[in-house]
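# Close look at the chain arrangement
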Amino acid sequence: MQKQPRCSIPTYNDKFNVMVIGDDDTGKTSILERYGNGTFKPGQKSTKNIEYYTKEFHYEGKLFLFKLWDTVSHEKFMKISRAFYQKADCIVIVSSINNRESFYNISKWVKNIADN
């Protein structure tokens, strides 16, 4: 009987927290679903909680882990999001070409980041 190799936990050269924010219905979850899992779900429902996807990235013989945080944009959840700002290595603001107001609200999101 051949011995099965043990599963090992990968050793990452570095880990990054990427927070994705923006108005409701701008496609944040769809973008992360596509990038994180390689899938697309038409008619994706709005995110109700903060969720994350993980993505390993190989570059020049090194292994990196990206945690991609999908946030809710409802005002009542903003306090939760603020706690994540401090842990984020990168913040991506998403707007939609189908929602002009979401583009105008980018300045609101930038201010929210600066305030926190």
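Preceding this paragraph is the structure being described.
Everything in this summary refers to the structure shown in the same document.

Basis of the calculations
- Residues numbered from 1 in each chain as written.
- Predicted model: local features only at pLDDT ≥ 70, side-chain atom pairs only at ≥ 80, totals over all residues.
- Heavy atoms only, no water.
- Helix = DSSP H or I, 4+ residues; strand = E, 2+ residues; numbered from the N terminus.
- Contact = heavy atoms within 4.5 Å.
- Areas by Shrake-Rupley, 256 points an atom, 1.4 Å probe, with all protein chains shown as cover.
- Buried < 20%, exposed > 50% of the residue type's maximum accessible area, 1.4 Å probe, protein only.
- Pairing = 2+ DSSP bridges.
- Axes fitted to C-alpha atoms, helices over the stretch in contact; angles between N-to-C directions.
- Salt bridge = Lys/Arg side-chain N within 4 Å of Asp/Glu carboxyl O.
- Lys, Arg positive; Asp, Glu negative; His and termini not counted.
- Polar contact = N/O pair within 3.5 Å; in protein donor to acceptor, adjacent residues only side chain to side chain.

### Describing the overall build of the protein chain
- Of the regular secondary structure elements, the protein chain holds four helices and four strands.
- Residue pairs at least 24 apart in sequence account for 62% of intrachain contacts in the protein chain once pairs closer than 6 positions are excluded.
- When the accessible surface of the protein chain is summed, it comes to about 8,600 Å², and 52% of that surface belongs to carbon and sulfur atoms.

### Overview of helix H1 (residues 28-37)
- Here H1 has its buried residues at Lys28, Thr29, Ser30, Leu32, Glu33 and Gly36.
- Of the surrounding secondary structure, the elements contacted by the buried residues of H1 are strand E1 (14-22), strand E2 (51-59), strand E3 (62-70) and strand E4 (90-94).
- Gly38 occupies a position one or two residues after H1 and carries a positive phi of about 75°.

### Concerning the sheet that holds E2
- Read from one edge to the other, the open sheet built from four strands follows the order E2-E3-E1-E4, with strand pairing classed as mixed. Every interior strand has two partners, whereas the edge strands, E2 and E4, have only one. Between one strand axis and the next, the sheet turns by 25° as a mean value, whatever way the strands run.
- Pairing of E1 with E3, which is carried by seven bridges, proceeds in the parallel orientation. Bridging from a neighbouring strand, Met19 pairs with Trp69 of E3.
- In this fold H1 packs onto E1, E2, E3 and E4, with an angle of close to 40° to the strand it touches most, E2.
- Taken strand by strand, helix H4 (residues 106-115) contacts E1 and E4, and its axis lies near 160° from that of E4.

### Here's the deal with the pattern of salt bridges
- Scanning all chains against the criterion turns up two salt bridges.
- Residue Lys108 pairs with Asp23 through a salt bridge whose shortest N-O separation is 3.8 Å. Pair noted here: Lys108 is in helix H4 and Asp23 is in the loop between E1 and H1, with a separation of 85 residues, a long-range link.
- Exposure remark for Lys108: the relative accessible area of 40% places this residue in the partly exposed category.
- Here Lys111 makes a salt bridge to Asp115, at a shortest N to O gap of 2.8 Å. Here Lys111 and its partner Asp115 are both found in helix H4, four residues apart, which amounts to about one turn of the helix.

### As for unusual backbone geometry
- We note that Asp25 has phi near 55°; this positive angle belongs to a residue other than glycine.
- The topology assignment puts Asp25 in the loop between E1 and H1.
- Residue Asp25 is classed as exposed on the basis of its relative accessible area of 64%.
- One non-glycine residue, Glu60, lies in positive phi territory at about 50°.

### Quick notes on the side chain of Lys28
- Take Lys28: it is sitting in helix H1.
- No salt bridge is formed by the buried Lys28; its nearest oppositely charged neighbour, Asp24, is found at 5.1 Å.
- Within polar-contact distance, the side chain of Lys28 engages the backbone oxygen of Asp23 at 2.7 Å.

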